[in-house]
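Remarks on the overall topology
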Amino acid sequence: MASLLQGRLPINQDVLQMQKGTVMRKVRSKSWKKLRYFRLQEDGMTVWHARQVGGRAKPSFSISDVETVRGGQESELLRSLAEEFPLEQGFTVVFHGRRSNLDLVTNSVEETQIWMQGLQVLVDFVTSMDQQERLDQWLSDWFQRGDKNQDGRMSFQEVQRLLHLMNVEMEQEYVLQLFQAADTSQSDTLEGEEFIEFYKALTKRDEVRELFENFSADGQKLTLLEFVDFLREEQKEGDRASDLALELIDRYEPSDSGKLRHVLSMDGFLSYLCSKDGDIFNPACLPIYQDMTQPLNHYYINSSHNTYLVRDQLCGQSSVEGYIRALKRGCRCVEVDIWNGPNGEPIVYHGHTLTSRILFKEVVATVAQYAFQTSDYPVILSLENHCTWEQQEIAAQHLTTILGEQLLRATPDRRLPARLPSPEELRRKILVKGKKIRETEEEEEEEELESELEGQQEAGLKPEAQCEPEIQELSPGSKDKKKVLMCSLFCPPICCQSMVQAPLPKPGSSLFPKQKCTSIMCPSLSALAIYMKTVSFHSFTHSKQHYHFYELSSFSETKAKKLIKEAGNEFVQHNAWQLSRVYPSGLRTDSSNYNPQELWNAGCQMVAMNVQTAGLEMDICDGLFRQNGGCGYVLKPDFLRDTQSSFHPERPISPFQAQTLLIQVISGQQLPKVDKTKEKSIVDPLVRVEIFGVRPDTAWLETSYVENNGFNPYWGQTLCFQLLVPELALLRFVVMDYNWRSRNDFVGQYTLPWTCIQQGYRHIHLLSKDGTSLHPASIFVHICIREGLGQGEA
């Protein structure tokens, strides 16, 4: 069976050449470079590869997996091999999610252009696909997998095998009945349209048919008035229901006559329910819809920790790809640890570990290129400076020359404003967050030292093993009477730095007996920290008395959580006027994450995550920042923006409006297999609904499991939740494969903020653990929100 999209595929000379195949060199590292034969399949949607022309081929990637294609000069790996392979002959296939890039080198510039242009044409086509085209492509992919002998038709035995691949277990008699009904040619096989009819019979949605007939007088169509009633009563669309009904009929009714008569058929009704308009996520929250003119400290800011790492914190690879991925997923605060490098060039890596090194200037160039591809709102460079004076000067030069006009160099009119500027005022600007020279002594870099001490404490080391910085004054004869932070003799290198300017000692002077353990802040780098001056945190009272709105402190997750428990309301008030950044514990060497919700509850703006690590915590983070155009800034609730707020995240009380949430989990559609290596293994799915918010609201409930049906399971169960502070809540829907022997296996999930939920009958389109679409996998639910803490329905 040819692709169902065959007539619509953008076939040009590049695509035709790709279908003939090309021998290319696949490059994984400086030492792994092997020849492979790559060929675009006839369906125009999948690329296979073999060790040689005519060799046994296997799938390499699907066009729908590809995010973009980059030239060889943009590949970190190919640039390192520039003496071996001309960069013009190389290109990179970049995939969605966290899948590693694919670097390829052809035999000529012409071949490279053919593949780059051809792939980009196909990627653009897939991106612009409508709902039906995506379903057609999904069906074509399954047909290709099920057609074992690749003869373009499917026998009954192949259909049975396909059903197991698709997570379906049905009575053989029933399957044969559907097969024979679809086999109109009576050839004992299914071809193109016959297979589509078989699929339609297989995916008949009885629960949707029943809902349709509840509102349809004749059971054949919904009149305009009937559809308006449905939108108003069930979907809670209110006064806009009448106008919306006309728009939706025009958008989703497949027949022209139905559109003219303003009626909606069963197919149109199902199409609406499966669309963005029928999604649980309110489409009004997808574009930028919030007020973006408030000060920066009034927003949650999508933040990344140790952005340069693509794996763990000890031996992982440092790469500019970390910055590209973080910025393209909407991160607005990225971290840069700069250290002295060879040849006078600062480098970026996780100090005192075996992580690899990258040049600071390459990081800056990458930020300049990708900072505003996803969002126009400001990017914050969180600098952790470990360099000598000379290399700080070089770093400052790179920032100013490479970033140019993008870099914020001064306040408007060079005057100090009364508050932090807004994201709107800072559009397309890059801000440096870092230390500044002060007239009095500056504490050690609290993040590095605190992480080190925290790791020692949690590992059970005695306090004597910790270093105590000493403050030593300059000699009375010095022109500058500033103080310099010095480290004790046995201090680990991680805290060896000073954040003030001071003159260099004269030869033979005993002024700096531990000079090897000290670096001094360079004025040119200090001057670049506008609005983002980092200071040590002592207490909330100290911050009120001594700090300004443009100063901010960093907290380890452990310290921040302790402060929330001990002084939650003070932390809320602190975050209403000053920025806070929270970072993972020093013990998270595997780049694991902590739950950001607890910190958001206290109004902490920059909760830095290890974005390279997928899982529950990143699902929560992605869920919050999915709204507001994915711009990386989300406005905090008003009670977290008030410096006089009485809100305590650990003890929430009135006047916050409590609500009751009723979720009827109805059915599931086309759930993926957990173990794709076992053809006959079929999932036993259950749905778990999790609420993340203030402590009393955090809860989970789950349905029972459906045995051996991942294709169209039915649950029909209602779950009830009661929330005190719904404005802070996020919902996570997780489909799991029940396993009585061990913990349940993850199938798919979707997370969204409470404030973005649409009520009524809604589909939830599932995402993988990596955050990529599992289309067409979904669950069908009914959502009802009631004011107050009422009793739920059974």
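Residues numbered from 1 in each chain as written. Predicted model: local features only at pLDDT ≥ 70, side-chain atom pairs only at ≥ 80, totals over all residues. Heavy atoms only, no water.

1. Re the packing of helix α6 (residues 172–182) against helix α7 (residues 192–202)
- Contact geometry of α6 with α7 gives a least axis separation of 8 Å together with a crossing angle of 140°. Taken as axis vectors, α6 and α7 run oblique relative to one another. Remark: the crossing between α6 and α7 carries right-handed chirality. When α6 is examined against α7, the residues Tyr-174, Val-175, Leu-178, Phe-179 and Ala-182 are found in contact with a partner set consisting of Glu-194, Glu-197, Phe-198, Ala-201 and Leu-202.
- In terms of residue class, the contact of α6 with α7 is made up of eight nonpolar, no polar and two charged. (Axes fitted to C-alpha atoms, helices over the stretch in contact; angles between N-to-C directions. Helix = DSSP H or I, 4+ residues; strand = E, 2+ residues; numbered from the N terminus. Parallel < 35°, antiparallel > 145°, perpendicular 65-115°, else oblique. Left-handed = near helix turned anticlockwise from the far one by under 90°. Contact = heavy atoms within 4.5 Å. Nonpolar A, V, L, I, M, F, W, Y, C, P; charged D, E, K, R; others polar.)

2. Considerations on the packing of helix α13 (residues 320–328) against helix α14 (residues 360–370)
- Between α13 and α14, the shortest axis-to-axis distance is 9 Å and the interhelical angle comes to 25°. Taken as axis vectors, α13 and α14 run roughly parallel relative to one another. For the pair α13 and α14, the crossing hand works out as right-handed. Residues Val-320, Tyr-323, Ile-324, Leu-327 and Lys-328 of α13 pack against Glu-362, Val-363, Thr-366, Val-367 and Tyr-370 of α14.
- Each residue belonging to the contact of α13 with α14 can be placed in one class, and the counts come to seven nonpolar, one polar and two charged.

3. Thoughts on unusual backbone geometry
- Residue Pro-776 is bonded to the preceding His-775 through a cis peptide linkage, with omega at 5°.
- In this structure, Pro-776 sits in strand β33 (residues 773–787).
- At Lys-236, a position not held by glycine, the phi torsion is positive, near 55°.
- Counting through the fold element by element, Lys-236 comes out in the loop between α9 (224–233) and α10 (241–252).
- Here the phi dihedral of Asn-306 falls at roughly 45°; this positive angle occurs in a residue that is not glycine.
- Within the element layout of this structure, Asn-306 appears in the loop between β13 (303–304) and α13.
- Overall, the relative accessible area of 2% leaves Asn-306 in the buried class. (Buried < 20%, exposed > 50% of the residue type's maximum accessible area, 1.4 Å probe, protein only.)

4. Overview of the packing of aromatic side chains
- Scanning the model with the defined rule gives 23 aromatic pairs in all.
- With a centroid separation of 5.2 Å and 85° between ring planes, the pair formed by Phe-215 and Phe-230 is classed as edge-to-face. Placement of the pair is Phe-215 in helix α8 (residues 206–215) and Phe-230 in helix α9, with a sequence separation of 15 residues. For the pair Phe-215 and Phe-230, a shared accessibility class is recorded, and that class is buried.
- A relative accessible area of 0% means that Phe-230 is categorised as buried.
- A connected cluster of aromatic rings, assembled from ring pairs, spans Phe-212, Phe-215, Phe-227, Phe-230, Tyr-252, Phe-269, Tyr-272, Tyr-761 and Phe-780.
- Across the ring face of Trp-32, the terminal group of Arg-28 is positioned such that the distance to the ring centre comes to 4.2 Å.
- Over the face of the ring belonging to Phe-780 we find Arg-205, whose NZ or CZ atom lies 5.3 Å from the ring centre. (Phe/Tyr/Trp six-rings, centres within 6.5 Å; stacked < 30°, edge-to-face > 60°. Lys NZ or Arg CZ within 6 Å of the ring centre and 35° of its normal.)

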